[in-house]
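Listed below are the residues making up each chain.
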Amino acid sequence: MAAGFLTARSRTFGGYLVVVIVLLCAVTSWGSSASKVSTLGQSKTPKNAAVSAPLHCGDLAVDDVYTISYSGAHHYLNFDPFSPGLGALNYRQFSDWSERRPMFHSVLDVLVEGNGPSQLDYYMWRPDYITINAYFTEYDLQVAEQVAYLDSETAVAWITLTSLSTAPITVDFFGQVDFAANPVISASSTGVQVNITARLSNPWGEPAEVLEKTFAVGLDFYNSATINGNEYTFSLVLGPGEQRSLVAAISSPSLSFPIDQKAIDDTTATIDLWLDEVEIPDLEAENDLITYYTAWFQFWYNTEHADGYWVRDIVTPSKSTYGRGVWLWDTGFHVFALLLGGENALQLAKNQIIVLTNASAQVGHLPREVWVGVVGPDVQPPGILTWASLELYKKTQDIEFIRTIYPALAANNEWFYQNRDYQGTNLCQWEGTDSGWDTSPRWDNGIVEAIDLNCWLGLDQKALSEMASLLNLSDDASKWLSKWDLTSETVQQNLWDENMGLFFDRNPNTKELYTVVTPASFWSMLAGVATVDQCQSQLVVMKNSSSLWLPYPMPVVAATEPTFDPSNYWRGPTWININWLTIVGLERYGFEEEADDLQERSISIVGSGPTPREYYNPLTEEGLGAYNYMWTGALYIVMVNDYRPPPP
């Protein structure tokens, strides 16, 4: 999740933040009578130049991405090309939950008489930096800048100002901190200090996170700042025809100058090394290659450093929409893609699983979400993390990793029968966000004995049996297989509708099936519950062009349902993770042609836009929801490599 680096999405927190900002100053004059500012970055690879794998930063340049960050950062900068400078700083939980606004509405914007430039001459985004060339028409002032993160705490803008005017021009560098951060700004010998105290809330009523952090913001020239409440301004005067260069930066906990522009090369090299880790795909079309490597870059971009309950570095679904946490079933999909990378990718995959299993001690089960300062009490699908962990073991042969995580995974399966089998029928219940299908019409009448949940539990039981065997726990291995037999039998006897040829959720009180047609029925194939005849019946429904086989399949609610809405979250759009799980289920039963068809269509859907989206309109292919959504990008990588890990 908006996931990553396209379009601004605010972030929020949940505690107290103390920030110290230091503005440092010194201007270098390039002399007078400059006639034209240099256009930074335009010598790099053009947007549509021919490329071949492996791709690197210069191959991924586009003109419609407006955020930039660094692997491990808990924040990102969002840019309006008509406001050159350092953009707006958004900080995970503060900006995507508590306040849903930037923490710094502007770190340092370049303004003349309170206005930004009126003309944009050039804008280009690359994974390693952003280039902006703009023109203040009314004042005959040109601005060229290159902005990059140099590490997970430091972002820098190299700015060139060129006056074409015959009169002096006063240029302001303006910063504004959000009032909700309770900023206290004061002058210092080096610029300004900003102390921020912000409570970072959460949705579960848990104590707010207390975040204490020191930022430094600086310009490499110095004069007195004008401070007005939550705002600060530094000014310089350009003489007629004068050109000047300067450096603006934000860092934590401190900042020093000079900062050489060649430092960008280290950022470029770091990202290029990450791009080299992924399997080279069997792709020829340039746009497909760009989508593939952009999706892999997202892992680097969406990573945040260990802190609090993040005992290892985590991958958020989208730094610019869901930067506040790591999610359970998202992580499963992420791990499958990371298995196609090198040692760094495998370690990142392992880190995600460790964070979630470690956090389970706080709530008694695998949590749906883990934030820095709180572990969410809700659940998400069991089984996918166990399955992904087995695949990771096959790659690494790290039996100690399995030994470490097995108790938490086993306890999670037991927890569902102790806490969610309310009727004692061996059919567990859930609804809403616990399922991952947050707003699906499947829950319009309340909690259900869910087909997907019980299939997930069965798949989990088989995976746990495999893990127990690896650990020489023969009694456990037998126990889990017996549980699987009971789960499979119970689903078969109670959740199949012979007339409609599908599995459905069941009302736990009336025992009536909720016959809302969705792809959830296909979990019976993923888990291996369905008979071959039942699979054939389900395929008839799946391939019905009036129901699920729409132009860009599959909607998460059949188009024949009165609740179908093609652009409304879990009430009708196409979600790539649902498609992929269906593909794996089809593969399990030998329906290769149908699996290949759905996979090719899914690859095409993701490749239709400049960046993977959270979900898609099944009638128009329009990308919806978060940008750079991590599981969509991850599964694009998985599908392009035709990787279908066999489910337990």
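Residues numbered from 1 in each chain as written. Predicted model: local features only at pLDDT ≥ 70, side-chain atom pairs only at ≥ 80, totals over all residues. Heavy atoms only, no water.

A.B. asks: Explanation requested: the overall build of the protein chain in the structure shown.
C.D. replies: When helices and strands are tallied, the protein chain shows 15 helices and 28 strands. For the protein chain, whose C-alpha radius of gyration is 27 Å, the value lies close to the compact-globule estimate of 26 Å for 648 residues. By its C-alpha atoms, the protein chain is 85 × 50 × 45 Å across when sized along the principal axes. The buried share among the 648 residues of the protein chain stands at 64%. Carbon and sulfur atoms form 46% of the exposed surface of the protein chain, whose accessible area is close to 21,700 Å². Computed over 34 positive and 76 negative side-chain charges, the separation of the two mean positions in the protein chain equals 3 Å. (Helix = DSSP H or I, 4+ residues; strand = E, 2+ residues; numbered from the N terminus. Rg over C-alpha atoms; globule rule 2.2 N^0.38 Å. Buried < 20%, exposed > 50% of the residue type's maximum accessible area, 1.4 Å probe, protein only. Areas by Shrake-Rupley, 256 points an atom, 1.4 Å probe, with all protein chains shown as cover. Lys, Arg positive; Asp, Glu negative; His and termini not counted. Charge placed at Lys NZ, Arg CZ, Asp CG, Glu CD.)

A.B. asks: For this particular structure, what's the right way to read the nonpolar core?
C.D. replies: Among soluble globular proteins, nonpolar side chains are generally buried collectively. Counting residues in each nonpolar core, the largest one holds 200 residues, and the members touching the most others are L161, V171, F173, F299, W329 and W580. Once residues lying within four places of it in the same chain are set aside, the contact partners of W580 are F333, F336, W387, L635, V638, M639, Y643 and P645. (Core = buried A, V, L, I, M, F, W, Y, C linked by side-chain atoms within 4.5 Å. Contact = heavy atoms within 4.5 Å.)

A.B. asks: Explain the pairing of strand β7 (residues 130–136) here, please?
C.D. replies: Successive residues of a regular strand alternate their side chains across the two faces of the sheet. The element β7 is extensively covered by neighbouring structure, given that 7 of its 7 residues are classed as buried. The two faces of β7 match: I130, I132, A134 and F136 on one face and T131, N133 and Y135 on the other face are all buried. Pairing between strand β6 (residues 119–125) and β7: 6 bridges, direction antiparallel. Pairing of Y123 across the sheet is with I132, part of β7. Connecting the antiparallel pair β6 and β7 is a turn made up of 4 residues. With 7 bridges joining them, β7 and strand β8 (residues 141–149) adopt antiparallel strand pairing. Note on β8: the bridge partner recorded for F136 is L141. Taking the residues between adjacent antiparallel strands as the criterion, β7 and β8 are bridged by 4 residues, where D140 takes a positive phi near 55°. (Pairing = 2+ DSSP bridges.)

A.B. asks: Hey, could you run me through the pattern of salt bridges in this one?
C.D. replies: Side-chain pairs of opposite charge can arise where the charged atoms are in close proximity. Under the counting rule described, the total for this entry stands at 26 salt bridges. The shortest N-O distance in the salt bridge between R442 and D452 comes to 2.7 Å. Of the two residues, R442 is situated in the loop between β21 (429–430) and β22 (448–449) and D452 in helix α9 (residues 451–470); the sequence distance between them amounts to 10 residues. We classify D452 as buried; its relative accessible area is 0%. When the shortest N-O distance is used, the salt bridge between R644 and D642 registers 3.4 Å. Each of the salt bridges in this network shares a partner with another, and the network as a whole consists of E587, E592, D596, D642 and R644. (Salt bridge = Lys/Arg side-chain N within 4 Å of Asp/Glu carboxyl O.)

A.B. asks: Which parts of the structure should I look at to understand helix α13 (residues 576–588)?
C.D. replies: Because an α-helix packs 3.6 residues into every turn, residues spaced three or four apart end up facing the same way. With 13 residues, α13 ought to run about 18 Å at 1.5 Å a step, and its terminal C-alpha atoms sit 18 Å apart, in line with that. Counting buried positions along α13 yields 11 of 13 residues, so the element is predominantly enclosed. For α13, the set of buried residues is I576, N577, I578, N579, W580, L581, T582, I583, V584, G585 and L586. Looking one or two residues beyond α13, the residue adopting positive phi is G590, at roughly 85°. (Expected span 1.5 Å × (residues − 1).)

A.B. asks: Would you explain the packing of helix α8 (residues 399–419) against helix α10 (residues 474–494) in this entry?
C.D. replies: Packed helices, taken two at a time, are described by the angle between their axes plus the distance between the axes. Closest axis-to-axis distance for the α8/α10 pair is 13 Å, and the angle between their directions is 35°. The interaxial crossing formed by α8 with α10 has left-handed handedness. Contact residues: Y406, A410, N413, E414 and Y417 in α8; D476, K479, W480, K483 and T487 in α10. Split by residue class, the contact of α8 with α10 holds 4 nonpolar, 2 polar and 4 charged. (Axes fitted to C-alpha atoms, helices over the stretch in contact; angles between N-to-C directions. Left-handed = near helix turned anticlockwise from the far one by under 90°. Nonpolar A, V, L, I, M, F, W, Y, C, P; charged D, E, K, R; others polar.)

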